[in-house]
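Residue-level structural notes
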Amino acid sequence: MPLTELNAILGGPQGSGIETSMMIIGRALARRGYGFLANREYFSNIVGRHSYIHLRVKSDEYPRSLTYPVDLLVAMDAETIFMHFEDVSDRGFIVCDNASLHKTLEEAPSIEDITRERIKKRCNELGLDCSVESILKYLAEKKKASLISLQYEKIIRELFDKYKIDPRQLSRYLSGIVFSAFAVLLALDEDSLRYALSLHFKERAQIVEQNMDLYRIVVREMGGYKGALILAPPRINQKKTMFVTGNDIVAIAKIVAGVRYQSYYPITPAADESVLLERYSFIEDENIGPLLVLQTEDEIAAITSAIGASLTGARSSTSTSGPGFDLMVEGLSWAGMNEAPVVITYYQRGGPSTGQPTRGSQSDLFNAIFAGHGEFARVVLSSGDHLEAFYDTILAFNLAEEFQVPVIHLLDKFLANSTATVSLPRLDEIKISRGAIVREAKEYKRFSLASLVSPRAFLGTRGVVMWYTGDEHDEYGHIVEDPENRIVMYSKRIEKISLIKDRVPREQKIGIYGDRNPDYVFVGWGSVKNTVLEAIDVLRGRGIRAKYLNIKMLWPFPEREFVEAAENVPADRMIVVEHSYGANIAKLIEMNTGISIEKSIVKFTGRPLTLKEVIEGFELIESGKEKKVVCRYGA
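What comes next concerns the included structure. (Residues numbered from 1 in each chain as written. Predicted model: local features only at pLDDT ≥ 70, side-chain atom pairs only at ≥ 80, totals over all residues. Heavy atoms only, no water.)

Each helix and strand counted, the chain has 21 helices and 21 strands in total. What you see for the chain is a C-alpha radius of gyration of 26 Å, in line with the 26 Å of a compact globule of 635 residues. When the backbone C-alpha atoms are referred to their principal axes, the chain occupies close to 80 × 60 × 45 Å. Across the 635 residues that make up the chain, the buried fraction comes to 58%. (Helix = DSSP H or I, 4+ residues; strand = E, 2+ residues; numbered from the N terminus. Rg over C-alpha atoms; globule rule 2.2 N^0.38 Å. Buried < 20%, exposed > 50% of the residue type's maximum accessible area, 1.4 Å probe, protein only.)

A word on the pairing of strand β10 (residues 316-321). The buried fraction of β10 is high, at six of six residues. Covered by surrounding structure in β10 are Ser-316, Thr-318 and Thr-320 together with Ser-317, Ser-319 and Ser-321, the residues of both alternating faces. Both strand β8 (residues 261-264) and β10 contribute to a ladder of four bridges, which runs parallel. Paired with Tyr-264 across the two strands is Ser-319, which belongs to β10. Between β10 and its parallel partner strand β11 (residues 342-348), the chain crosses via helix α12 (residues 322-337), and the hand of that crossover is right-handed. (Pairing = 2+ DSSP bridges. Right-handed = clockwise from strand over helix to strand, strands pointing away.)

Strand order in the open sheet formed by six strands is β15-β17-β16-β19-β20-β21, and the pairing between neighbours is mixed. Whereas interior strands pair on both sides, the edge strands pair on one side only; in this sheet they are β15 (510-514) and β21 (628-631). Across the sheet, the mean angle separating the axes of adjacent strands is 20° when strand polarity is ignored. Summarising the sheet, strand β20 (residues 599-603) and β21 pair through four bridges and their orientation is parallel. If you follow Ser-600 over to β21, its bridge partner there is Lys-628. Packing against the sheet, helix α20 (residues 584-593) makes contact with β16 (520-524), β17 (546-551) and β19 (574-578), and its axis sits at approximately 130° to β19. Packed on one face of the sheet, helix α21 (residues 611-622) meets β16, β19, β20 and β21 and runs near 150° to β20. (Axes fitted to C-alpha atoms, helices over the stretch in contact; angles between N-to-C directions. Contact = heavy atoms within 4.5 Å.)

Between helix α9 (residues 246-257) and helix α14 (residues 386-403), whose axes approach to 8 Å, the crossing angle comes to 35°. Of the two possible hands of crossing, α9 and α14 adopt the one that is right-handed. Where α9 abuts α14, its residues Gly-246, Ile-249, Val-250, Ile-252, Ala-253, Lys-254, Val-256 and Ala-257 lie against His-386, Ala-389, Phe-390, Thr-393, Ile-394 and Phe-397. Residues that form the contact of α9 with α14 fall into these classes: 10 nonpolar, three polar and one charged. (Left-handed = near helix turned anticlockwise from the far one by under 90°. Nonpolar A, V, L, I, M, F, W, Y, C, P; charged D, E, K, R; others polar.)

Now for the packing of aromatic side chains. Applying the stated criterion across every chain yields a total of 13 aromatic pairs. Between Phe-366 and Phe-370, the ring centres sit 5.9 Å apart and the planes meet at 40°, which makes this aromatic pair tilted. Of this pair, Phe-366 and Phe-370 are both found in helix α13 (residues 365-370), four residues apart, which corresponds to roughly one turn of the helix. Taking the relative accessible area as the measure of exposure, Phe-366 reaches 26% and is therefore partly exposed. Taking the centre distance of 5.9 Å and the plane angle of 90° together, the rings of Phe-447 and Tyr-468 count as edge-to-face. Here Tyr-468 lies in the loop between β14 (418-422) and α16 (483-494) and Phe-447 lies in the loop between β14 and α16, a separation of 21 residues in the sequence. (Phe/Tyr/Trp six-rings, centres within 6.5 Å; stacked < 30°, edge-to-face > 60°.)

Remark: helix α6 (residues 174-186) packs on helix α8 (residues 205-222), axes separated minimally by 9 Å, with the N-to-C direction vectors making an angle of 55°. The orientation of α6 relative to α8 falls into the category oblique. Here α6 runs over α8; the crossing is right-handed. Across the interface between the two elements, Gly-176, Ile-177, Phe-179, Ser-180, Ala-181, Ala-183, Val-184 and Leu-185 of α6 pack against Asn-211, Leu-214, Tyr-215, Val-218, Val-219 and Met-222 of α8. (Parallel < 35°, antiparallel > 145°, perpendicular 65-115°, else oblique.)

Quick look at the environment of Tyr-62 now. The topology assignment puts Tyr-62 in the loop between β3 (50-58) and β4 (70-75). With a relative accessible area of 18%, Tyr-62 lands in the buried category. Considered as a pair, Tyr-62 and Ala-420 are 358 residues apart in the sequence and their alpha carbons are 8.2 Å apart. Tyr-62 has contacts with Gly-35, Ile-236, Gln-238, Thr-241, Thr-421, Val-422 and Ser-423, leaving out every residue within four places of it along the chain. A polar side-chain atom of Tyr-62 sits 3.1 Å from a polar atom in the side chain of Thr-241. (Polar contact = N/O pair within 3.5 Å; in protein donor to acceptor, adjacent residues only side chain to side chain.)

This next bit is on the pairing of β8. Here β8 shows a buried face lined by Tyr-261 and Ser-263 and a second buried face lined by Gln-262 and Tyr-264. Summarising the sheet, β8 and strand β9 (residues 292-295) pair through four bridges and their orientation is parallel. Note on β9: the bridge partner recorded for Gln-262 is Val-293. Taken together, β8, helix α10 (residues 271-280) and β9 constitute a β-α-β crossover, and its handedness is right-handed.

Along the polypeptide, Ser-361 turns up in the loop between β11 and α13. Judged by relative accessible area, Ser-361 falls into the buried class, the value being 7%. Within polar-contact distance, the side chain of Ser-361 engages the side chain of Ser-363 at 2.6 Å. When neighbours within four sequence positions are excluded, Ser-361 is seen to be in contact with Gln-348, Arg-349, Gly-350, Asp-412, Phe-414 and His-579.

Everything listed here is a matter of coordinates, which is why it stays silent on function.
Following this line, the structure appears as structure tokens:
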């Protein structure tokens with residue numbers, strides 16, 4: 001019977017093309033009209049360590065979250081089997097290399113010692129001898145799993161003989177076996193596969209043909225397995241769709257927003273956004289540019305150059321992660337003192353210090369809100385999914401210029417490195433607001449006290465003179481230390497917070513989903529959004545009514561809107577969901593509203609929160625067994 005959804009893991013060494021396999025599979029499925037979501041997990045090295053893609057395909061809607069167990073595991077090496085064998089569902093499928101069958105755990109050299117010991121302990125508990133063959137036999141007997149063992153070397157050798165490929169390049173074609181095996185099991189048509197290959201290998205027709213031939217060899221080798229995991233016909237009914245990562249869609253939104261300057265210093269997982277923008281900076285199109293993307297010598301130069309560009313009237317931004325943001329803080333405070341509109345796109349990753357450079361987190365909440373010396377107004381926004389990130393990126397620039405404050409757009413690695421099919425944004429709903437701008441003036445006061453937001457003139461405006469300094473200043477910008485002046489200027493800057501609270505619409509501050517009269521309220525922000533929303537749907541099927549409060553504007557905190565949304569639900573029926581140890585949003589809520597939320601579902605392993613974990617965490621809390629559930633699933 002055709003499947004309405006498929007969960008899968010593709011695994012292999014970092015640098016072996018696993019991401020390429022995912023991109024080709026995803027594009028082929030998107031071409032057919034299926035919903036697709038995939039997260040990439042990888043170590044912070046260039047090649048060798050274990051990397052994997054966790055993906056979900058649905059025929060009736062765009063997937064909102066990832067979950068376990070998986071229906072299909074495609075392994076490029078033995079290590080993938082050792083790392084993921086317990087992720088396979090009953091009657092699942094495993095595709096692996098015949099040469100891996102006799103490998104033992106000790107022959108997987110890149111597995112960390114502590115992980116090796118954990119796998120060995122689990123194998124001993126199951127009565128296995130820590131070999132791939134023993135594990136696969138266990139899966140076949142206990143879970144009725146189907147093993148498809150292919151001779152990877154033979155397949156590649158056949159391709160080599162036909163095309164006389166440079167032997168040094170042969171390993172690159174292993175990823176072709178992975179996506180080919182996946183395509184065979186789903187019975188993907190050749191036209192969709194060729195379309196995806198042609199997009200990925202633009203103007204390299206020979207590589208497309210080689211991979212199509214590789215697919216045909218795998219079809220032959222897999223025999224009767226073609227269509228074993230065939231999907232039901234798609235029913236999403238979208239004529240057009242976007243196939244993007246979180247980094248991609250933020251970059252696209254910046255172009256739509258009219259960004260003219262983007263600075264960055266390369267850092268995971270932020271850099272891919274700037275790399276995409278660099279590609280578009282060379283396109284001569286009045287709707288895109290001019291767009292200057294500058295890789296600076298460090299993050300200090302990144303933030304200060306973005307502020308400088310802002311003062312000239314250019315919509316400007318910089319993009320970074322936790323360690324880079326720490327270096328930007330002095331520049332952030334300068335922007336606060338000088339009421340300079342600038343956007344910092346902040347992708348969170350595992351900390352502290354270098355922490356887990358390629359893993360995700362939401363533990364930088366307080367860093368974004370409170371970093372900086374002295375007090376000044378800022379806005380901190382968060383986004384829960386790809387489309388939300390698109391609209392919020394544009395909103396960030398509008399708010400920065402309307403209120404002349406730095407805006408921090410807080411995202412995370414999970415969103416950055418997740419690839420998804422999403423609906424096209426509604427461009428007719430986009431509004432660009434640049435705030436109060438002065439084109440000419442006889443006597444210009446850059447920091448005029450006539451209003452909290454002083455009309456802004458750009459550096460270079462004919463006949464207009466202005467001064468900027470990091471010191472306290474008067475309305476003109478001259479350094480002044482008079483105490484009365486200090487009171488009025490300091491107050492002017494900070495009281496913008498009240499202005500922002502009053503003028504920003506509720507829907508841009510907080511999203512409210514689920515039942516109007518809930519038994520429980522989940523509270524969160526950022527990338528946990530869709531996982532919680534899907535969990536609410538599952539719980540509704542079990543007779544449990546739940547609501548989700550998605551806090552989009554983290555600062556200034558929308559206390560009035562939050563209290564109204566949580567009305568009539570006692571705090572002991574509220575559950576915070578967050579990628580952190582401390583469920584920090586609960587502390588922010590208590591600080592601003594007095595509401596103390598003690599129950600939480602948290603995860604801080606650096607791996608994404610899954611649907612199964614939220615549901616199981618809720619069950620533990622509802623039963624009274626736990627107040628705080630720490631999730632830990634994922635390799």
